[in-house]
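# Structural overview
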Amino acid sequence: MNDLLLAGWARLRSVLPARADLAAFGRHPRRDLLAGLTVAIVALPLALGFGISSGLGAEAGLATAVVAGALAAVFGGSALQVSGPTGAMTVVLVPITHAYGPTGVLTVGVMAGVILLGLSLARAGRFMTLVPAPVVEGFTLGIACVIGLQQVPAALGVPTPEGDKVPAVAWQAVLDFAARPNWAALAMAGAVAAVMLAGARWRPTVPFSLLAVAAATIVAELVELPVDRIGELPAGLPAPSLAFLDVSALGSLIAPAIAVAALAALESLLSAAVADGMSVNHKHDPDKELFGQGLANLFAPLFGGVPATGAIARTAVNVRAGATSRLASLAHAAILGVIVFTAADLVGRIPLAALAGVLLATAVRMVEVGSVRAMLRSTRSDALVLALTAIATLALDLVAAVIIGLIVSGALALRAIARNVRLEDVPLHRDLPGDHDEEEERALLAEHIVAYRLDGPLFFAAAHRFLLELSEVSDVSVVILRMSRVTTIDASGALVLGDAITRLERRGVTVLVSGIRDGHHKPLRALGVIARLDEAGRVFASTPEAIAAARRLLSEAGILPANRSAAPGPVGAGRTGGPDDPAGAPPSSEPAGPVGAGSSGEPAEPAGPAPTAS
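This structure is a prediction, so every number in the text was calculated from the model and none was measured. (Residues numbered from 1 in each chain as written. Predicted model: local features only at pLDDT ≥ 70, side-chain atom pairs only at ≥ 80, totals over all residues. Heavy atoms only, no water.)

Moving on: the confidence of the model for the chain. In the predicted model, the chain carries a mean pLDDT of 79, and the fraction of residues at 70 or more is 83%. Confidence, read as mean pLDDT per element, is least for helix α21 (residues 460–471) in the chain (67) and greatest for strand β1 (residues 83–84) (94). Residue range residues 433–437 is modelled with pLDDT below 50. Its contacts to residues more than four positions away, or to other chains, number six contacts. pLDDT under 50 marks residues 564–614. Its contacts with residues more than four places away, or in other chains, come to 119 contacts. (pLDDT = per-residue confidence, 0-100. Helix = DSSP H or I, 4+ residues; strand = E, 2+ residues; numbered from the N terminus. Contact = heavy atoms within 4.5 Å.)

Rendered as structure tokens:
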């Protein structure tokens, strides 16, 4: 018990902030504080907008930015990451809000936080990097489309229609606008989006989102435009509470919580990786990052906040603003907290159409057109995965889209690997003695012995095709299976190999095996594939030994003169006259002479006793 407690404590300490992380706060405080101010200015309208889009209101977005942003800054695995409400998370939360209400969203946030903490302690962070690039690009494109469609009602100045399917809701909003147009809201949303997009190209370091929202608010107040506002906001964060938690509903919320946790882990680690690429000599710790996001999602709902993730856009702004430590992202959360306590009335006057314009521009900027175009042009498989993931994100939900993308990517990858498996007929006539007096023996050997080289992975995805090809072999006395180039073998491949050997032997063909790698003996013997051949002395370390045994078999059968087959001689099995080729090397790259079973330099296994004719 004590050992378990000590191991658990050691694991927990490994994900807690180190002394060096805290010491970094004092290295460049001025730069970090300025970077935090810059990020807070950019984050304010986004936090308000994503809070409203999630269905829990602007105050939920602000609470998330403050609480989750501060906890993830201190306990996360990246010194440059900025966390808060994001568009991707909003896409997942909308159907949860419709199905379970605000209390369901808060409960899901707590459950997702617990799951993330478990993933962190289980050291699952490294596995999140295995998501293929086309899947990431596909769901990013799909998220951008969903975020844009979510803003249609606010941008058109119409009430948000009922429903959880974003395309249908957006279309109904267009119909409502056509029946009762609100040109002021549409013009405001379009103007804010245009200012943000144009300003980002002209002066990327200027926070045009905040400037555009401030200008739109001032104009709406002076002209008294008929546009909806955010409304009254509480002057401060609510007291932490678990009153929303309904224990009886936990079972039905497990699936949404897993979806939220998966998205939080994926997006946060992706954002942290982006920060690593933009900075110099900075590398995040994926397990610590999951721990920080777990704490952020565990505590943010207690203050009314929605689930949070690392935010790629805000993290990029943080890096470009010169941040060097966690102080910058912590300062961003603190500044937003000050705004919540001191300027709630002013924030409540912001028009919803202005925030819709901010999020429309954000959706457009999320899509890297060049990257998507390059991915579509790279291979048909990449294009298919990207398109399917994007369409599934739009038509279903983000988690289902990622699962579909992973399944299709895996299937296409297995298909590509399976195509690399080759069963190559390696003629022996060039490798046999070239003396004029032995031409008759050469012809007899070439007629009665055939060697096949297995090249690539022999596993379930390729085993069936291998069986069909090998089972068609006929009209020979001996088949030599050269296996030194088999890169991997699983249970399915081993069983299919055994089935192919049995089929050949039923037709009177003697099978010899050569060059089995050391690591491949275990599955072959465990499944009884080569046990019988081993006992009969038909498993050899190298192909020359197998050819010598085949010559003896032909001599015993009366096909060759006995005095010609007594010694194996310097005979190779490959096209170049060399011995059995090591895996991965071209046939001509090895000198003549016997070699071992694998490519690792291990000594070859001794050849078994000479087999008897079958």
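Here the narrative resumes, following the displayed structure.
As a further point, take helix α18 (residues 380–395). The end-to-end C-alpha distance of α18 is 22 Å, a good match for the 22 Å that 16 residues give at a rise of 1.5 Å each. Along α18, the residues classified as buried are Ala 383, Val 385, Leu 386, Thr 389, Ala 390, Ala 392 and Thr 393. (Expected span 1.5 Å × (residues − 1). Buried < 20%, exposed > 50% of the residue type's maximum accessible area, 1.4 Å probe, protein only.)

Turning our eyes to something else, we now look at the nonpolar core. With 82 residues, the main nonpolar core has Leu 48, Ile 230, Val 260 and Leu 336 as its most contacted residues. Broken down by element, this core gets its largest block of residues, 13 residues, from helix α5 (residues 87–121). Dropping the residues within four chain positions of it, Ile 230 is found in contact with Leu 48, Ile 52, Ala 58, Val 347, Gly 348, Ile 350, Leu 352 and Leu 355. Core analysis: the next-biggest nonpolar cluster, separate from the first, contains 26 residues, Val 476, Val 486, Ile 501 and Leu 504 among them. (Core = buried A, V, L, I, M, F, W, Y, C linked by side-chain atoms within 4.5 Å.)

Now for unusual backbone geometry. Of note, the phi angle at Arg 123 is positive, near 60°, even though the residue is not glycine. Within the secondary structure, Arg 123 sits in the loop between α5 and α6 (133–150). The phi angle at Glu 224 is positive, at roughly 55°, despite the residue not being glycine. Here Glu 224 shows up in the loop between α10 (208–223) and α11 (254–278).

Here we take up the packing of helix α4 (residues 58–75) against helix α12 (residues 286–299). Taken N-terminus to C-terminus, the directions of α4 and α12 make an angle of 155°; their axes are 8 Å apart at the nearest point. Here α12 runs roughly antiparallel to α4, going by the angle between their axes. Crossing of α4 over α12 shows right-handed handedness. Residues Val 67, Ala 68, Leu 71, Ala 72 and Phe 75 of α4 pack against Lys 288, Phe 291, Gly 292, Gln 293, Leu 295, Ala 296 and Phe 299 of α12. Within the contact of α4 with α12, the residues separate by chemical class into nine nonpolar, two polar and one charged. (Axes fitted to C-alpha atoms, helices over the stretch in contact; angles between N-to-C directions. Parallel < 35°, antiparallel > 145°, perpendicular 65-115°, else oblique. Left-handed = near helix turned anticlockwise from the far one by under 90°. Nonpolar A, V, L, I, M, F, W, Y, C, P; charged D, E, K, R; others polar.)

Attention now moves to the environment of Leu 106. Mapped onto the elements of the fold, Leu 106 is located in helix α5. Using a relative accessible area of 11% as the deciding quantity, one classes Leu 106 as buried. Between the alpha carbons of Leu 106 and Pro 307 there is a distance of 7.7 Å; along the sequence they are 201 residues apart. With sequence-adjacent residues up to four places away left out, Leu 106 is seen in contact with Leu 56, Phe 244, Pro 301, Gly 304 and Gly 305.

Right, let's get into the packing of α6 against helix α8 (residues 166–179). The N-to-C vectors of α6 and α8 enclose an angle of 30°; their axes lie 9 Å apart at closest approach. The crossing of α6 and α8 is left-handed. Contact residues: α6 offers Val 146, Leu 149 and Gln 150, while α8 offers Val 166, Pro 167 and Ala 170. Partitioned by chemical class, the residues of the contact of α6 with α8 number five nonpolar, one polar and no charged.

Further remarks concern the pairing of strand β5 (residues 478–489). Counting buried residues along β5, ten of its twelve residues qualify, which places the element largely inside the surrounding structure. Note: β5 against strand β6 (residues 510–514), five bridges, orientation parallel. Its bridge partner being in β6, Val 479 is matched across the sheet by Val 511. In terms of handedness, the path from β5 via helix α22 (residues 491–506) over to β6 forms a crossover that is right-handed. (Pairing = 2+ DSSP bridges. Right-handed = clockwise from strand over helix to strand, strands pointing away.)

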